[in-house]
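The residues making up each chain are set out below.
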Amino acid sequence: MLDLRQIQSNVLRGYRYGTAAKFVHYTFVRFTDEADARALLERLLPQVTSCEAYDRDGGAQGVLNIALAYPAIDMFGYGGQARALDATDDEATAAVEAFKCGMRARAKAYLGDDGSSAPDRWEAPYRDERLHAVFAMNAPTSDALQRVRGSVDDALAAYASVVRVHDEAGAHFDGEWAGKEHFGFADGIAQPSVLDAGDEAYPGDGTPKKRRGWSRLRSGEFVLGQPDELGQVQFRSAFFKNGSFMVFRKLQQHVGLYRDYVRSVAERNDVTPEFVGAKMVGRWQSGAPLMRAPDEDDPELARDPHKANDFRYCDDEFGDRCPLGAHIRRNNPREDPSGPGVVQTKLHRIIRRATPYGPQLEPGADDDGTERGTLFVVINANIARQFEFVQRNWVNSVLSSTHLTFPNDRDPLIGAQHSGPRAGKYLVPNTSRNRAPLIAWDLPRFVTTRGGEYFLLPSLDTLYNLAHDVPPPPEQVDCPTLDSPDARPDARPDVDQSVPRRTSPAPQPACVPDTKPDQPSVGTKLRAALKNAFDDE
Amino acid sequence: MTPKDGLSRRDFGRAAGAIITTGLFTGCRPCFSPFTPESEPLHRRGPRTFTVRAKVSPSHFRELRRLLNDPTHNPFKTDARGIHYARFFTTGHDTLYFMVIYDEYWNAVHFLGKNAEGVDEIFGHCSGFPRGGAADAEALDRYLRDNFLCVELFYRAYDTRQSDIRDALVLRDNFLSFLRDSDGGTDADLRALYADFVDDPHLLNHDKSKTNDVPAALTAANRTFQLTPIRSPDRVGPFTLLARIKDKELKKVQRLLRLGTFATIDLGVRPLKNLPTLHFARVSVVDRNYMLFASVYDGDFIQYVEDFGTRIAKEIDKIFGSLVGYPMAGSRDIIAFKAFLRARQVKTNAFGGSYLDRSLLQIKSSLALSKALAEFTQSVGPSDRRLGAKLRHFLHDNQLLLT
Ligand code: HEM
């Protein structure tokens, strides 16, 4: 069983459809004074919600989570901790690098943020200077959220050196639109279920077993310092253990554009706009999956959590039911005969927490020019292997499929589409011989990136240690570069103080991939490779 | 297991049987390489390869490395007819490798000759390179042959000539434009656009059933072409690996590789065909017991490696299993496998290709589509009464080639 007292609630709680808190608020700050930053953490620490605390009331009283970006960790003197325990372990080095570099530095090369999504066109708070921390709050009622916000606001006001950079607020819709995102689809249905997380798992949530049934994902895919799907325990130092990485991304949705486009494709092909949209997503608006409801929406099915996600693509090799490039098929090709195998897919799963921001655009209304979209949060243990991989290879390319043959044809819903000769299209196969397949030409970019950052959601112990300036306990793997110990009297008794916290700074990470994909990502690796090639074992 | 599924025992059996019965060893083929220039026409057409291993003159190495590592330096500046891919890399402190995948041996020689300026600049650092440089075709040919490295395994995902591939790629693009322009239009529009489309020289060039009388200059295959340097990490790239073979395994693995080549080239069996991103792979044995593996693949390295471990684990384990330091659990242990590859990887200094922005699947589906289109356009003309319906059937039957 995972230590749910240690893990912040945003990692493993309240991310499923129907359980997501209605109101969400993010406050982003930058620290200028280390002592004040620690004092602020100390003051807010009692309110930080663990999974265990969340379970007591289902988050009814409101939830506060604190996440730190790399610059803050560096300022606290733990920058050196953010490194792979084994510097020759590429998997771990890449994960650390992504976190250190931050989203802005990786956006163009790894996330496909170009043109209107390019980082230099992001909103100023995400573009100009790196953020240090985010206070993530959510609650089912606006009163409860106000209470949590009030205490965070008071705490921030008490420390003038902490710069409040920016706030983002999101809220799910009411009534018929409850649980939907701006394009009108139910969101958050398919989510990984995590081993030992102590919550209910529904069919379809995990990894498909050989013939029937699903297994939960190993917890190390989402919780640091736990065994993952590769059988490894990454980030096992006390500093990271029971933490997780949180990707924050502000995604603007061009709802008017989406509706106009879908309508025109529908008209040209003599089908309904709902049909076109469902084929792009892989689910109907209610959330009913095409794999189980190929011909028309089935809200009944969507409401049943034991059925709404229980499907695989193994008997739909050619995409007759769910087209090969549909959003959900790309992003989780569960046993897709034309896609990557099960072994590969389970290495690239993400937990999503998406909350709409901006007002809903009434069905049928013209676009009012107001900005709206999704505050998109991903929880994963390895940003490079999970979020970035998905975004790079599955959303913005097609290279792991044996049937998708146009690299320019990207995820129809969220892909970074291009125009002109590189414009993408989307093909919906037709099973009737008398009808040509439906082709949606010149896909526009329905979603643009407004900004974002990579954060660490530390464990509660780590937050405590940061707040009280306590050195972390020794790591399991020896590390020759440690300075002399400098223990503090106010440390927690259960924390071993024999090993110092300050380690030598890690080497500069590579934020942009080499132009040639066959080059090792770190300079030292290249030397090692050349040396290795000639040395005897 | 069917032969399609991989390099099964049965394939080996067949391949071995074929060798014995057909006596393909006639002629001097010291290393079973089907790529010695003399024996080329005997075999199936399609891309071949050679590797040249040149000794770098003492004290020239640093300068050569600087040149090859300079991203603005592109030794290839002209028409690359008949050349699919080419690469340069160095190992140790004294060896330069040049690998090329070509249609005809003389394409490669002429290609080097035409790019003599850039090529001499590189090979000039190697001992024994002809004084007259690459422009002297005869001397260059001798030099190349003197420095050939035997290719033990050659895998190719397509056995089509470069010109046909280029035509097919353009043709599929043109066909899509036609579909896009005619989508939602009237019957008259459709006929007019279709009449234009069937005039496409790339289409006629692909119609192998009759002689092509379209001026060659109109087809993409005949336009001047360059080997372009790598532009983006999500397109075709090279991977090169050098690792020591376990002493006991050398003979066995060599036999395996040669059979693999034989299966690929002569029998048309694709041992690695389950890999949707691998264009070419090539293995040589250097310095008595080192394996030099070089491939051309699409996209992200991680993705490629994971495909190895999940799609063709068995074949890869058979080949790489002979290497010192190979993970016990084989390529299925993705972490260890990645680490193994990365640790033994050699940096490819210069890499160029004729279709660096086209994935393998794009090439394959374009080739298939152009064949289908050649047939279709022959039987259905612009004035066909049922043009619309026939086109719909055609699209339905070939929708996977347009996905
Ligand atoms: C504004 C942008 C986005 C919108 C409107 C959107 C919408 C949706 C919808 C409607 C679903 C189906 C409901 C469900 O299964 O929960 C879905 C599923 C999913 N989306 Fe998105 N999405 C967006 C961005 C992204 C991004 C950026 C990623 C990944 C990097 C992503 C990854 C996924 C995944 C993994 C699933 C679940 C697939 C499955 O397990 O079957 N989405 N999304």
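Treat the numbers as computed from the prediction; the structure is a model and nothing was measured.

Asks: In this structure, what is going on with the overall build of chain B? I would like to understand it.
Replies: Within chain B, the secondary structure is distributed over 14 helices and nine strands. Split into buried and exposed, the 403 residues of chain B put 61% on the buried side. A sequence separation of at least 24 residues applies to 77% of the contacts in chain B between residues at least 6 apart. Accessible surface, chain B as shown: approximately 16,000 Å² in total, 53% of it carbon and sulfur.

Asks: Is there a simple way to think about the pattern of salt bridges in this case?
Replies: Should the charged atoms of two oppositely charged side chains come close, the side chains can pair. Residues and elements named next belong to chain A. This structure, assessed with the given rule, holds 53 salt bridges over all chains. Among the ionic pairs, Arg30 bridges to Glu129, the shortest N-O distance being 3.7 Å. On the criterion of sequence distance, the pair formed by Arg30 in strand β1 (residues 23-30) and Glu129 in the loop between α6 (124-127) and β3 (133-139) is long-range, its members being 99 residues apart. The closest approach of N and O atoms between Arg56 and Glu52, which form a salt bridge, is 3.4 Å. Taken together, the residues Arg56 and Glu52, both in helix α3 (residues 51-57) and four residues apart, mark about one turn of the helix. Via salt bridges that share partners, Glu123, Glu168, Lys250, Glu371 and Arg450 belong to a single interconnected network.

Asks: Would you mind showing me how to read the nonpolar core here?
Replies: Proteins that are soluble and globular tend to have nonpolar side chains buried together. Residue and element names in this part refer to chain A. Leu12, Tyr26, Phe31, Phe135 and Met246 are the most contacted members of the largest nonpolar core, which has 124 residues in total. No other element matches the eight residues that helix α5 (residues 90-111) contributes to this core. Residues contacting Met246, with those up to four places away along its chain left out, are Tyr26, Ala67, Val134, Val377, Val378, Ile379, Glu453, Tyr454, Phe455 and Leu457.

Asks: So what exactly am I meant to see when it comes to the packing of aromatic side chains here?
Replies: Both the distance between ring centres and the angle between the ring planes are used here to describe each pair of aromatic rings. What the rule picks out here adds up to 59 aromatic pairs over all chains. Taken together, a centroid distance of 4.8 Å and an interplanar angle of 15 degrees make the contact between Phe89(B) and Tyr97(B) stacked. A cation sits over an aromatic face here: Arg334(A) above Phe311(A), 4.0 Å from the ring centre.

Asks: Honestly, the site of the ligand in this entry has me stumped. Any pointers?
Replies: Residues and elements named next belong to chain A. By nearness alone, 26 residues border the ligand, and Ile189, His327, Asn332, Arg334 and Arg352 come closest of all. Ala190 is positioned with one of its backbone polar atoms (N or O) 3.2 Å from an oxygen atom of the ligand. For the ligand, an oxygen atom lies 2.9 Å from a polar atom in the side chain of Asn332. When contributions to the shell around the ligand are tallied by element, the ones reaching two or more residues are β7 (244-253), α11 (327-331), β9 (373-380) and α13 (384-395). The residue makeup of the shell around the ligand, split by class, is 14 nonpolar, seven polar and five charged.

Asks: Please explain the interface of chain A and chain B as it appears in this structure.
Replies: Frequently, the measure chosen for interface size is the accessible area that the parts lose on association. Listed as interface residues are 62 residues of chain A and, on the opposing side, 61 residues of chain B. For the pair chain A and chain B, the summed buried surface comes to about 5,600 Å²; carbon and sulfur atoms form 55% of the total. One can count four salt bridges joining chain A with chain B. Taking the shortest distance from any N to any O, the salt bridge between Asp183(B) and Arg268(A) comes out at 3.0 Å. Taken together, chain A and chain B are joined by 18 residue pairs in polar contact (both at pLDDT 80 or more). Mapped onto the side of chain A that touches chain B, the elements with two or more residues apiece are α5, α12 (342-345), α13 and α15 (523-534) of chain A. Looking at which element gives the most residues to the side of chain A that touches chain B, the answer is α15(A), with seven residues.

Asks: Help me out: how do you make sense of the coordination of the iron atom of the ligand in this one?
Replies: Reference geometry at the metal: tetrahedral coordination by four donors gives ideal angles of 109.5 degrees; octahedral coordination by six donors gives 90 or 180 degrees. For the iron atom of the ligand, the sole protein-derived donor is His327(A) (NE2), lying 2.1 Å away. Looking at the secondary structure, you find His327(A) in helix α11.

Asks: Could you clarify how one ought to interpret the domain arrangement of chain B in this entry?
Replies: Residues and elements named next belong to chain B. Taken domain by domain, chain B consists of domain 1 (42-151 + 225-353) and domain 2 (162-223 + 359-402). Contacts between domain 1 and domain 2 engage 13 residues on the former and eleven residues on the latter. Of the roughly 900 Å² buried between domain 1 and domain 2 on both sides combined, carbon and sulfur atoms contribute 51%. Along the contact surface separating domain 1 from domain 2 lie zero salt bridges. Listing elements by their share of the side of domain 1 that touches domain 2, those giving two or more residues are β2 (83-91) and β7 (278-286). Taken together, the residues of the side of domain 1 that touches domain 2 break down into six nonpolar, four polar and three charged.

Asks: Looking at this structure, how should I read the pairing of β7(A)?
Replies: When a strand is regular, its side chains alternate between the sheet's two faces. All names here are of chain A. Here β7 lies mainly inside the structure; ten of its ten residues are buried. Of the two faces of β7, both are covered, the one formed by Ser244, Met246, Phe248, Lys250 and Gln252 as well as the one formed by Phe245, Val247, Arg249, Leu251 and Gln253. Taken together, the ten bridges between β7 and strand β12 (residues 447-457) define a ladder with antiparallel strand orientation. Bridged to Phe245 within β12 is Leu456. In this sheet, β9 lies alongside β7 in antiparallel orientation, the contact comprising eight bridges. Looking across to β9, one finds that Met246 is bridged to Ile379.

Asks: Would you explain the pairing of strand β3 (residues 95-102) of chain B in this entry?
Replies: Residue and element names in this part refer to chain B. Most of β3 sits inside the fold, with eight of its eight residues counted as buried. Bridge count for strand β1 (residues 48-55) against β3 is eight bridges, and the pairing is antiparallel. Residue pairing in the sheet places Ala54 in a bridge with Leu96 of β3. In this sheet, β3 lies alongside β2 in antiparallel orientation, the contact comprising eight bridges. Paired with Phe88 across the strands is Phe98, a residue of β3. Linking β2 to β3, which pair antiparallel, is a turn of three residues; within it Gly92 sits at a positive phi near 55 degrees.

Asks: Could you clarify how one ought to interpret the sheet that holds strand β6 (residues 237-244) of chain B in this entry?
Replies: The pairing of strands in a sheet comes from backbone hydrogen bonds and takes either a parallel or an antiparallel form. All names here are of chain B. Spatially, the four strands line up as an open sheet ordered β5-β7-β8-β6, and their pairing is antiparallel. In this open sheet, the two strands that pair with only one neighbour each are β5 (153-156) and β6. Across this sheet, the average inter-strand angle for adjacent strands is 10 degrees, counted without regard to direction. Where β5 and β7 come together, four bridges link them in antiparallel fashion.

The rules behind these values
Residues numbered from 1 in each chain as written. Chains lettered and ligands numbered in written order. Predicted model: local features only at pLDDT ≥ 70, side-chain atom pairs only at ≥ 80, totals over all residues. Heavy atoms only, no water. Helix = DSSP H or I, 4+ residues; strand = E, 2+ residues; numbered from the N terminus. Buried < 20%, exposed > 50% of the residue type's maximum accessible area, 1.4 Å probe, protein only. Contact = heavy atoms within 4.5 Å. Areas by Shrake-Rupley, 256 points an atom, 1.4 Å probe, with all protein chains shown as cover. Salt bridge = Lys/Arg side-chain N within 4 Å of Asp/Glu carboxyl O. Core = buried A, V, L, I, M, F, W, Y, C linked by side-chain atoms within 4.5 Å. Phe/Tyr/Trp six-rings, centres within 6.5 Å; stacked < 30°, edge-to-face > 60°. Lys NZ or Arg CZ within 6 Å of the ring centre and 35° of its normal. Near = heavy atom within 4 Å. Polar contact = N/O pair within 3.5 Å; in protein donor to acceptor, adjacent residues only side chain to side chain. Nonpolar A, V, L, I, M, F, W, Y, C, P; charged D, E, K, R; others polar. Buried area = accessible area lost by both parts, 1.4 Å probe. Donors = N, O, S within 2.8 Å, 3.2 Å for Na, K, Ca; no water. Domains from an automatic or database assignment. Pairing = 2+ DSSP bridges. Axes fitted to C-alpha atoms, helices over the stretch in contact; angles between N-to-C directions.

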